[in-house]
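Letter by letter, the chains look like this.
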Amino acid sequence: MWVWIAVVVIALIVLSVAALKTLGRLHGLERAARRLQHRQEEALALQAAGDRLQVTLEGLQERAELAQGQVETIKAGRGKK
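Figured I'd write up the structure that's included with this text. Quantities reported herein were computed from a predicted structural model and do not represent experimental measurements.

Calculation rules
Residues numbered from 1 in each chain as written. Predicted model: local features only at pLDDT ≥ 70, side-chain atom pairs only at ≥ 80, totals over all residues. Heavy atoms only, no water. Helix = DSSP H or I, 4+ residues; strand = E, 2+ residues; numbered from the N terminus. Rg over C-alpha atoms; globule rule 2.2 N^0.38 Å. Buried < 20%, exposed > 50% of the residue type's maximum accessible area, 1.4 Å probe, protein only. Areas by Shrake-Rupley, 256 points an atom, 1.4 Å probe, with all protein chains shown as cover. Lys, Arg positive; Asp, Glu negative; His and termini not counted. Charge placed at Lys NZ, Arg CZ, Asp CG, Glu CD. Patch = residues over 30% accessible without salt bridge, like charges linked within 9 Å, V, L, I, M, F, W, Y side chains within 5 Å. Salt bridge = Lys/Arg side-chain N within 4 Å of Asp/Glu carboxyl O.

**Focus: the overall build of the protein**
(1) Moving on: Scanning the protein from terminus to terminus reveals 1 helix and 0 strands.
(2) Moving on: Since a compact globule built from 81 residues should have a radius of gyration of about 12 Å, the 35 Å found for the protein marks it as more spread out than a globular shape.
(3) Moving on: Each of the three principal axes of the protein carries a C-alpha extent, and together these read 120 × 10 × 10 Å.
(4) Moving on: Residue burial in the protein is summarised as follows: out of 81 residues, 0% are buried.
(5) Moving on: Carbon and sulfur atoms provide 66% of the accessible area of the protein, an area that totals close to 7,800 Å².
(6) Moving on: With 12 positive and 8 negative side-chain charges, the protein shows a spacing of 7 Å between the two charge centroids.

**Description of a nonpolar patch on the surface**
(1) Moving on: On the surface, Met1, Trp2, Ile5, Val9, Ile13 and Val17 cluster together into a nonpolar patch covering about 690 Å² of accessible area.
(2) Moving on: Looking at where Ile13 falls in the secondary structure, it is placed in helix H1 (residues 2-80).

**Examining the environment of Leu20**
(1) Moving on: Position of Leu20 relative to the elements: it lies in helix H1.
(2) Moving on: Put simply, Leu20 and Gln68 are 48 residues apart on the chain and 71 Å apart in space, counted from C-alpha to C-alpha.

Structure follows, in structure tokens:
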């Protein structure tokens, strides 16, 4: 009878140790998941900033082309005089 009680107690101790190790690993995984989510939010913010920059560059390119056209018009006008 005492042997069975000892086996059950040892089994419970082993199970408890395994459960504690698993909980410790889960805590580490939770921290890693939070860091990953934070980096994902940063990446989305950078992507949005990149999109805004792209729109700005397209507008600047249009303005540069318009200015180039005006410069050519001015040069052509001077050549006629």
